[in-house]
Amino acid sequence: MSVTQNSLPAGAIAPRSSDVLMKPKALGALQPSRVSGARAFMNKMVRERWDISVQRFDIDASASGTVVYSIKTPDREFSFIGFSFPPSRTARTGRIIGRAWDMMGTLNEGPATEADIESARVELPKLYNGRATPNALIWCRSNRSMRVFDQTLAALAEGHQPDVSALSEVCYLMRNTGLDGNGTFGTRSFPSLGRDHPLGGVLQAQLLTAYLMREYSCDLVEHLAALQSPDAVMLDPAIRRYLGVGNGSALGLIFFAHKHPRLIDAILSARENAIAEVRSLKIDAGDARVEELLGLVRRAITFRRQDKMVYEAFTSSQTIADDLEKVAGSLEALLRTGLVDGTRRARAFDALAQQFETTLSREAHETFLSLLIELVPDVSDAAMLEIDAPDEFNIHPAETAADLLATIRAEYDWALRTDMSGPDAYRYIWYKSETAEEPRRGAREEVPDALDLGLDICGGIQALAADLEASEADLTVARFLMKHPQHRFILSRIQSLRGRCYHTPHANINSDAFVPIDLVRLLNVAIHGIDKTRDFLNRNLRGVLYHGAPTPQDIRSGHTGPWFYPPEPVLA
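These remarks concern the structure in this document. The structure presented is a predicted model; accordingly, all values stated were derived computationally and were not measured.

1. Side note on helix α4 (residues 114-123)
Along α4, the positions that sit buried rather than exposed are Asp116, Ile117, Ala120 and Glu123. The arc enclosing the buried residues of α4, seen along the axis, measures out at 145°, which places them on a common side. Exposed side chains of α4 directed beyond 90 degrees from the buried face belong to Glu114 and Ala115. Buried residues belonging to α4 abut β1 (51-59), β2 (65-72), β3 (77-84), β4 (103-109) and β5 (136-144).

2. Describing the sheet that holds strand β11 (residues 540-545)
What the nine strands build is an open sheet, ordered β1-β2-β3-β4-β5-β6-β7-β11-β10; its pairing is mixed. Each edge of the open sheet is held by one strand with a lone partner, namely β1 and β10 (531-536). In this sheet, adjacent strand axes meet at a mean angle of 25° when their direction is disregarded. Alignment of β10 against β11, held across four bridges, turns out to be antiparallel. Within β11, the residue paired with Arg534 across the bridge is Arg542. Across the face of the sheet, helix α5 (residues 146-157) comes into contact with β5 and β6 (172-181) while running at roughly 130° to β6.

3. Examining the environment of Arg542
Its location among the elements puts Arg542 in strand β11. Separated by 11 residues in sequence, Arg542 and Asp531 place their C-alpha atoms 9.2 Å apart. Dropping the residues within four chain positions of it, Arg542 is found in contact with Asn247, Gly248, Lys532, Thr533, Arg534 and Phe536.

4. Some words on the side chain of Ser471
For Ser471, the position within the fold is in the loop between α18 (457-469) and α19 (477-483). Among the polar contacts made by the side chain of Ser471, one reaches the main-chain carbonyl oxygen of Asp467 at a distance of 2.7 Å. If near-sequence neighbours (up to four positions away) are discounted, Ser471 is found in contact with Ala401 and Phe480.

5. A short note on unusual backbone geometry
Despite not being glycine, Phe185 shows a phi value in the positive range, around 65°. Structurally, Phe185 can be placed in the loop between β6 and α7 (204-228). For Phe185, a relative accessible area of 5% corresponds to the buried category. The phi dihedral of Tyr565 is positive, around 50°, even though this residue is not glycine. Along the polypeptide, Tyr565 turns up in the segment after α22 (552-556).

6. Considerations on the packing of aromatic side chains
A complete count under the given rule lists 13 aromatic pairs for this structure. On the numbers, 5.4 Å between centres and 75° between planes, the contact of Tyr211 with Tyr546 is edge-to-face. With Tyr211 in helix α7 and Tyr546 in the loop between β11 and α22, this residue pair connects regions lying 335 residues apart in the sequence. Neither residue differs from the other here; Tyr211 and Tyr546 are each classed as buried. Between Phe564 and Tyr565, the aromatic rings sit 5.7 Å apart at their centres with planes inclined by 75°, giving edge-to-face as the arrangement. This pair shows no difference in class: Phe564 is buried, exactly as Tyr565 is. Joined through ring pairs, the aromatic side chains of Phe303, Trp563, Phe564 and Tyr565 make up one cluster. Geometry around Tyr565 places Arg39 over its ring, the cationic atom sitting 5.1 Å from the centre. The ring of Tyr428 has Arg427 sitting right over it, with the charged end atom 5.2 Å from the ring centre.

Rules of the game
Residues numbered from 1 in each chain as written. Predicted model: local features only at pLDDT ≥ 70, side-chain atom pairs only at ≥ 80, totals over all residues. Heavy atoms only, no water. Buried < 20%, exposed > 50% of the residue type's maximum accessible area, 1.4 Å probe, protein only. Helix = DSSP H or I, 4+ residues; strand = E, 2+ residues; numbered from the N terminus. Arc of directions from axis to C-beta. Contact = heavy atoms within 4.5 Å. Pairing = 2+ DSSP bridges. Axes fitted to C-alpha atoms, helices over the stretch in contact; angles between N-to-C directions. Polar contact = N/O pair within 3.5 Å; in protein donor to acceptor, adjacent residues only side chain to side chain. Phe/Tyr/Trp six-rings, centres within 6.5 Å; stacked < 30°, edge-to-face > 60°. Lys NZ or Arg CZ within 6 Å of the ring centre and 35° of its normal.

What follows is the structure, encoded as structure tokens:
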């Protein structure tokens, strides 16, 4: 049985079924939207007009030194303390096993004190042996994109802007190589912040730190250029907005998806409910909402046409742009005539969505759906503010075996139908590398002694269902677990997530057929809001965060209009 949203108004379009949305290929095709982390957080900063400023920038010509940023929200202040290092050609990697970074920093609550700065200076380079101060929220690291950074530095020092065509091949000057918080290294735990905290929302402490990485990279290249030449110029504001911060992700995000099912469900529910609301609208010729959507689609077409990234497994940007041209044509006809393919439809956006689902690439269809959300900003923004997604699972001991079994049959039919008896069902094991401390996926026969860290949803549910079927119908969960304690985790997960639609990908992640990149892409693109995600070996992704984002000056002034899907800057 598929799970859909309940309590719909009469005549309203239902959100998509979990049987449709939660398949890995469908999840991997989802595109950034207004409810994606980076976009939602940027909109919050603009709406509240946060004040981000440089307090200290003591960096010498070798790129060694200290920076301090102040971040003022409507009701409190934060600080970012960063340490710049001359770029090293050795021990340089984006992985946790790296030992050299171009920048290390900490995001702290409150204004930066000298004690905070000196403590961070000593502790940050120790990494796992270091300890954060009690007011620290995030420890971070980043590295330059050497070629693009050096080209930009040389251009600014010579008194002119960098080549936009060269910039667009990468779209960032520095890339994030680590954002650690929520207790790691002694940082403050996120649940302790509370929902009223300025950074108490979804991933907001990490997202603020990533934005500050973007700003630091631009400030650094301008600063070094000025030290090199009295003729140096600053980055044109259009280029500064265009540049984001690079990001790389791998298999660890699979664990994140399974560890935070309420968060995944909440974000996808906010997305799907907003889309369904727009699909339910009645649209006539000349409707301003169609004109707004058409403008956004054209912006997306330009963005895709100008995309220079090479994609190994994903649909090319040129194909997506071609598909979006068809969307634009349909919207132009709707705007002009109020008709869809010459027919008047009660809900034109829904009719188009159904048509595009079968005639366009997955990514183009999902781009259209994501852009629909921009037509109901108040709805989607309010939904993001209401997200409360604790990680804990609870047991409901009084429930009967019959009732629990009914829930499993209703909500986990996909897992019960998954073949777990074949030789490929447990072909792979998930484990952590002893040397690199990174998640890995390998053939079981190759790592026979590895501790399996993967979540066996399908096997666990099938085993639980079998034992429930063999139990008395009125047996309580408490007494059932006394007989079968091995089911405690999967049982508590099922009970705690009951009635939710979008919490668990419909996949056996241990099987030979499972392709990890789909779920990595879900987290990077739909959840985090990363653009231009390129795939490597079907398990690693690299992309751009805050691509086109407003500058601190824009944020202070309450920037209006779309900033996502930025076109290449055209300089005078």
